[in-house]
Every structure is written in structure tokens, then in C-alpha cells.
Amino acid sequence: VELAGGRCVRLFVAGAVTHVGKTTVCLSILAALRGAGFSAADLAYVKPATQCEAPDLLKMWCETEGVEYVSGEQAPLVFYQGF
């Protein structure tokens, strides 16, 4: 945050298809930030679009660490079955 002039830093992790490691990359970034001393209150994860409502590893990690997690019907864009 200091390097960003006190502003919020946003990262967008994308992949061309499913199962290419987006969740693993996000989990690694969040874990590294927590390890570097960022508090859970300083971090958040937003899954902007989703097809799957099943809880995933990242959601479980965020809940354990106290990091805000937004997904599912609260996500900015949801693709329902049959879309």
C-alpha cells in the first residue's frame, strides 16, 4: 500500500480456460501477502464471474485467515447452468 501511494492495489488473474491454475495463483499471492505481514483486513478476494457455486480451496483459506471473499450470487457476474 505504501508503494501505491496509500491507494488500493488491484490484481486481476485471468486464464483462457478452466483448470489452468487461477485459483492456485490467487491463493499463492494472498498467502505471500499474509506472510509478508499484511493483515487479513488489508486483503480481499473477489471472484468476478463464476459458473460454479461449490466452495473451493481459496474460499476455505480465506475463511480460515479472515480474508474477505466475494463469490457466488454476490459476484459481479454469475453464469447460471444452461447459459
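Up top is the structure these notes are about.
Keep in mind that this is a model prediction, so the values were computed, not measured.

## Points about the packing of helix α1 (residues 22–35) against helix α2 (residues 57–65)
The N-to-C vectors of α1 and α2 enclose an angle of 15°; their axes lie 10 Å apart at closest approach. Between α1 and α2, the crossing angle belongs to the class labelled roughly parallel. Relative to α2, the crossing made by α1 is left-handed. Contact with α1, carried on its side by T23, C26, L27, L30, A31 and R34, involves L57, L58, W61, C62 and E65 of α2 and no other residues of that element. Residues belonging to the contact of α1 with α2 are distributed by class as follows: eight nonpolar, one polar and two charged.

## Thoughts on the nonpolar core
Core analysis: the biggest nonpolar cluster contains eleven residues, these being C26, L27, L30, A40, L43, Y45, L58, W61, C62, V67 and Y69. Looking at this core, the elements that each hand over two or more residues are α1 and α2. If we skip the residues at most four places from it in the chain, C62 touches L30, Y45, V67 and Y69.

## Points about α1
Over its 14 residues, α1 runs 20 Å from end to end, which matches the ideal 20 Å to within 8%, given 1.5 Å per residue. Those residues of α1 hidden inside the fold are in contact with β1 (44–46) and α2. Directly after α1, the chain includes G37, whose backbone phi takes a positive value near 110°.

## As for the environment of C26
Along the chain, C26 falls in helix α1. For the pair C26 and F12, spaced 14 residues apart in sequence, the C-alpha separation works out to 9.2 Å. Other than its neighbours up to four places away in sequence, C26 contacts V13, Y45 and L58.

Conventions we followed
- Residues numbered from 1 in each chain as written.
- Predicted model: local features only at pLDDT ≥ 70, side-chain atom pairs only at ≥ 80, totals over all residues.
- Heavy atoms only, no water.
- Axes fitted to C-alpha atoms, helices over the stretch in contact; angles between N-to-C directions.
- Helix = DSSP H or I, 4+ residues; strand = E, 2+ residues; numbered from the N terminus.
- Parallel < 35°, antiparallel > 145°, perpendicular 65-115°, else oblique.
- Left-handed = near helix turned anticlockwise from the far one by under 90°.
- Contact = heavy atoms within 4.5 Å.
- Nonpolar A, V, L, I, M, F, W, Y, C, P; charged D, E, K, R; others polar.
- Core = buried A, V, L, I, M, F, W, Y, C linked by side-chain atoms within 4.5 Å.
- Buried < 20%, exposed > 50% of the residue type's maximum accessible area, 1.4 Å probe, protein only.
- Expected span 1.5 Å × (residues − 1).

So far we have only geometry, and geometry alone does not tell us how the molecule works.
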